[in-house]
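# An overview of the molecular structure
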Amino acid sequence: MFEQLTSWENLLLAHRKASSGKRGSRSVASFEHRLEDHLADLRAELIAGSYRPGKYRSFVIHEPKRRLISAAPFRDRVVHHALCNVIEPLFEARFSPASFASRVGKGTHRAVTRAQEQARENPFVLASGEGLLDDVYQMVYFPDDDLFAVNRPRSLPIGNLTSQFWANVYLDELDQFITHELGCLAYVRYVDDLLLFSNSKATLWRFKAALLDELAGLRLTAHPGAHPRPVTEGFPFLGFTLSPGRRRLKSRKGFHFRRKLKANLAAWRAGAASGAQVAASVQGWLNHVRYGDTLGLQREVLETLPTPILERLVPLPGMWQPASLLRQKGHSA
């Protein structure tokens, strides 16, 4: 397996994956300037056992909520992909179908669809309220902690491919516990966002008590606000508020994008950003929100776009399409 990891073909594939969509980055361009030399050096270090990860570049983002992002050097991201290319298929075969993050054929929007399907079949859901972990994490101690626990490393660096993968590996034990020991088949997980559905509130309270014990064994905790609620009240999940018949985008998501778009358009008018860059940002946002009941919001945003930006957009299913865009793409208005 190590020979497969360090093979030239695997490292080339890892580079292609790591650089996808990032060719404009200075670190990627620098690595590609002498691509074969850099890959050869990396391969030699891996084979010799002398490879050491570089330092993370850490920064805080505040939208849509405060998060510490840790970005690994590009050459380390190549290694992350090389590792996952080899070991991910071995784990994938055992993962629960309830887990949707960073898996082929799964993803955010299929997780949302599955959650809404469960909401149509079950009247209650175990979910948290708004503001989940918005503030600074508080230190948590477990029964077998010693005096050095205060220095215990915590969490995974957001931004690593391996962080998402290891979350799936580590939490697979929880998935198996929920589906096999608790017997909850109406269950959806996306990284650390969990939804359990049932036709009984009492059953969900029982599930919560058992979950807290199981999580403690994994040295994890749950948000204290998690509680059973009727699905008809709506529940937050992956940027949407879901109910059996609706998918509403969270208000702060809409406000955040409007602010971002305003800044991007100002940069475009000042010549600091290209029309392609602004259009790509809008297209990415549309690709997410079109999976919700957002035609009114889409129309509100798209009608403010200058024609040169608007004409760069590609119409998608579920996307509101202005007449000018339809004409430009060869459709009737």
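For the structure itself, look to the data block above.
Overview of the structure. (Residues numbered from 1 in each chain as written. Predicted model: local features only at pLDDT ≥ 70, side-chain atom pairs only at ≥ 80, totals over all residues. Heavy atoms only, no water.)

Right, let's talk about the packing of helix α9 (residues 251-269) against helix α10 (residues 275-289) for a bit. Contact pair α9 / α10: the axes reach a minimum separation of 9 Å and the direction vectors enclose 165 degrees. In this view, α9 runs roughly antiparallel relative to α10, as classed from their interaxial angle. The two elements α9 and α10 cross, and the hand of that crossing is left-handed. Residue-level inspection shows Phe257, Lys260, Leu261, Asn264, Leu265 and Trp268 of α9 in contact with α10, the latter providing Gly275, Val278, Ser281, Val282 and Trp285. Tallied by class, residues from the contact of α9 with α10 come to 7 nonpolar, 3 polar and 1 charged. (Axes fitted to C-alpha atoms, helices over the stretch in contact; angles between N-to-C directions. Helix = DSSP H or I, 4+ residues; strand = E, 2+ residues; numbered from the N terminus. Parallel < 35°, antiparallel > 145°, perpendicular 65-115°, else oblique. Left-handed = near helix turned anticlockwise from the far one by under 90°. Contact = heavy atoms within 4.5 Å. Nonpolar A, V, L, I, M, F, W, Y, C, P; charged D, E, K, R; others polar.)

Here we take up the nonpolar core. Of all hydrophobic cores here, the largest spans 38 residues; its most connected members are Phe197, Phe235, Phe237 and Leu313. Top element by residues in this core is α10. It accounts for 6 residues. Listed in part, the 20 residues of the second largest apolar core include Leu5, Leu42, Leu46 and Val79. (Core = buried A, V, L, I, M, F, W, Y, C linked by side-chain atoms within 4.5 Å. Buried < 20%, exposed > 50% of the residue type's maximum accessible area, 1.4 Å probe, protein only.)

The next subject is the sheet that holds strand β3 (residues 124-127). An order of β4-β5-β3-β6 is seen for the 4 strands of this open sheet, with the pairing classed as antiparallel. Edge positions in the sheet fall to β4 (187-190) and β6 (227-230), since each has one partner strand and no second. Recorded for the sheet is a direction-independent mean angle of 25 degrees between the axes of neighbouring strands. In the sheet, β4 pairs with strand β5 (residues 193-198) via 4 bridges, with the strands oriented antiparallel. (Pairing = 2+ DSSP bridges.)

On to the sheet that holds strand β9 (residues 246-249), then. Pairing is antiparallel across the open sheet formed by 3 strands, whose spatial order is β7-β8-β9. A single partner strand is all that each edge strand has here, and the edge strands are β7 (235-237) and β9. Between one strand axis and the next, the sheet turns through 35 degrees on average, direction left out of account. Two strands pair when backbone bridges link them, and β7 and strand β8 (residues 240-243) are joined in this way by 3 bridges, in the antiparallel orientation. Considered in β8, the bridge of Phe237 is made with Phe240.

Now for the environment of Arg252. Counting through the fold element by element, Arg252 comes out in helix α9. Under the relative-accessibility criterion, Arg252 is labelled partly exposed at 27%. Through-space distance from the C-alpha of Arg252 to that of Gly239 is 9.1 Å; in sequence the pair is 13 residues apart.

Here the focus is unusual backbone geometry. With phi around 55 degrees, Val191 is a residue other than glycine that occupies positive phi space. Secondary-structure assignment places Val191 in the loop between β4 and β5. In this structure Val191 comes out as partly exposed when scored by relative accessible area, which is 26%. Positioned with a positive phi, Leu238 is a non-glycine residue whose angle comes to about 55 degrees. With respect to the secondary-structure elements, Leu238 resides in the loop between β7 and β8. Residue Leu238 is classed as buried on the basis of its relative accessible area, which comes to 17%.

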